Amino acid sequence: MGRARKSKTSKRDKYASFGDMADESDEDADLPKDEAGRRKIKRQYGELLGIRIEKLRGRILNRERINKTIEGIYFICASCMKVCHSLDDGFTEDPANQNNMCGACTKALAAATTAAAAAKETGGGTPRRSTRSPRKRAAAS
């Protein structure tokens, strides 16, 4: 008695998830290989952490050694709450490791700070009140 052959459709169904990965790699086709890899890892971190990104914002996720002198850091930006890499997005390190930010958010924060300081300097701040009371004292007669 001979064996029954399996249909080829069952093999295709096993690897159906690889089709989704091909669509994501088409977006990164114009990027250098290392940058495309970092984007893929950032996407995976985002999917893996999911709702916990808000809890971990501003923290370092992973450090990697690119070569002997360059170190890459995956982190969650405290301002925009995206998974970022130090080589792609920039990195402003907080000494307490609670408020690490990407380069774009750091520039935006610095611009907002200087604009607020300039507005305060030109008189856009609150007006000063006089220290005298509005009541006049009665003259002693």
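I will try to describe carefully the structure that is included in this document. (Residues numbered from 1 in each chain as written. Predicted model: local features only at pLDDT ≥ 70, side-chain atom pairs only at ≥ 80, totals over all residues. Heavy atoms only, no water.)

## Considering the pattern of salt bridges
Okay, so step 1: Scanning the entire structure with this criterion turns up six salt bridges.
Okay, so step 2: Linking Arg 38 and Asp 34 is a salt bridge whose minimum nitrogen-to-oxygen distance equals 3.8 Å. With Arg 38 and Asp 34 both in helix α3 (residues 33–49) and four residues apart, this pair spans about one turn of that helix.
Okay, so step 3: Where Asp 88 meets Lys 42, a salt bridge forms, and the shortest distance between an N and an O atom there is 3.6 Å. (Salt bridge = Lys/Arg side-chain N within 4 Å of Asp/Glu carboxyl O. Helix = DSSP H or I, 4+ residues; strand = E, 2+ residues; numbered from the N terminus.)

## Quick word on the packing of aromatic side chains
Okay, so step 1: Under the counting rule described, the total for this entry stands at two aromatic pairs.
Okay, so step 2: Between Phe 75 and Phe 91, the ring centres sit 4.7 Å apart and the planes meet at 55°, which makes this aromatic pair tilted. Here Phe 75, found in strand β2 (residues 71–76), pairs with Phe 91, found in the loop between α5 (86–89) and α6 (103–124); they are 16 residues apart in sequence, far enough to count as distant.
Okay, so step 3: We classify Phe 75 as buried; its relative accessible area is 0%. (Phe/Tyr/Trp six-rings, centres within 6.5 Å; stacked < 30°, edge-to-face > 60°. Buried < 20%, exposed > 50% of the residue type's maximum accessible area, 1.4 Å probe, protein only.)

## Some thoughts on a nonpolar patch on the surface
Okay, so step 1: Together, Ile 66, Ile 70 and Leu 87 make up a nonpolar patch on the protein surface, roughly 230 Å² of accessible area in all.
Okay, so step 2: Looking at the secondary structure, you find Ile 70 in the loop between β1 (60–65) and β2. (Patch = residues over 30% accessible without salt bridge, like charges linked within 9 Å, V, L, I, M, F, W, Y side chains within 5 Å. Areas by Shrake-Rupley, 256 points an atom, 1.4 Å probe, with all protein chains shown as cover.)

## Points about α3
Okay, so step 1: Taking 1.5 Å as the rise per residue, α3 with 17 residues should run 24 Å; its terminal C-alpha atoms sit 24 Å apart, in good agreement.
Okay, so step 2: Within α3, the full set of buried residues consists of Ala 36, Arg 38, Lys 42, Tyr 45 and Leu 49.
Okay, so step 3: Contacts made by the buried residues of α3 are with α4 (53–56), β1, β2, β3 (83–85) and α5.
Okay, so step 4: Just downstream of α3 lies Gly 50, where phi reads positive at about 55°. (Expected span 1.5 Å × (residues − 1). Contact = heavy atoms within 4.5 Å.)

## Here's the deal with the pairing of β1
Okay, so step 1: The pairing of β1 with β2 spans five bridges and is classified as antiparallel. Within the sheet, the bridge partner assigned to Ile 60 lies in β2 and is Phe 75.
Okay, so step 2: If you look at the hairpin formed by β1 and β2, you'll find five residues sitting between the two strands. (Pairing = 2+ DSSP bridges.)

## What about the pairing of β2?
Okay, so step 1: Taking burial as the measure, the six residues of β2 include five buried ones, the bulk of the element.
Okay, so step 2: Sheet topology note: the β2/β3 ladder contains three bridges and is antiparallel. Paired with Tyr 74 across the strands is His 85, a residue of β3.
Okay, so step 3: Hairpin remark: β2 followed by β3, antiparallel, with six residues in the connecting loop; positive phi at Met 81, about 55°.

## Some thoughts on the sheet that holds β1
Okay, so step 1: With antiparallel pairing, the three strands of this open sheet are ordered in space as β1-β2-β3. What marks the edges here is a single partner per strand, and that holds for β1 and β3. Each strand axis lies, on average, 15° off the axis of its neighbour in the sheet, ignoring direction.
Okay, so step 2: The sheet contacts of α3 involve β1, β2 and β3, and relative to β3 the element is tilted by about 150°. (Axes fitted to C-alpha atoms, helices over the stretch in contact; angles between N-to-C directions.)

## Observations regarding the state of the cysteines
Okay, so step 1: Enumeration according to the criterion identifies zero disulfides in this entry.
Okay, so step 2: Free of any disulfide, Cys 80 has its nearest neighbouring cysteine sulfur in Cys 77, separated by 3.6 Å.
Okay, so step 3: Looking at Cys 102, it has no disulfide partner, and the nearest cysteine sulfur is the one in Cys 105, 3.5 Å off.
Okay, so step 4: Judged by its relative accessible area of 5%, Cys 102 is buried. (Disulfide = S-S within 2.5 Å.)

All quantities given are derived from atomic positions and should not be read as evidence of function.
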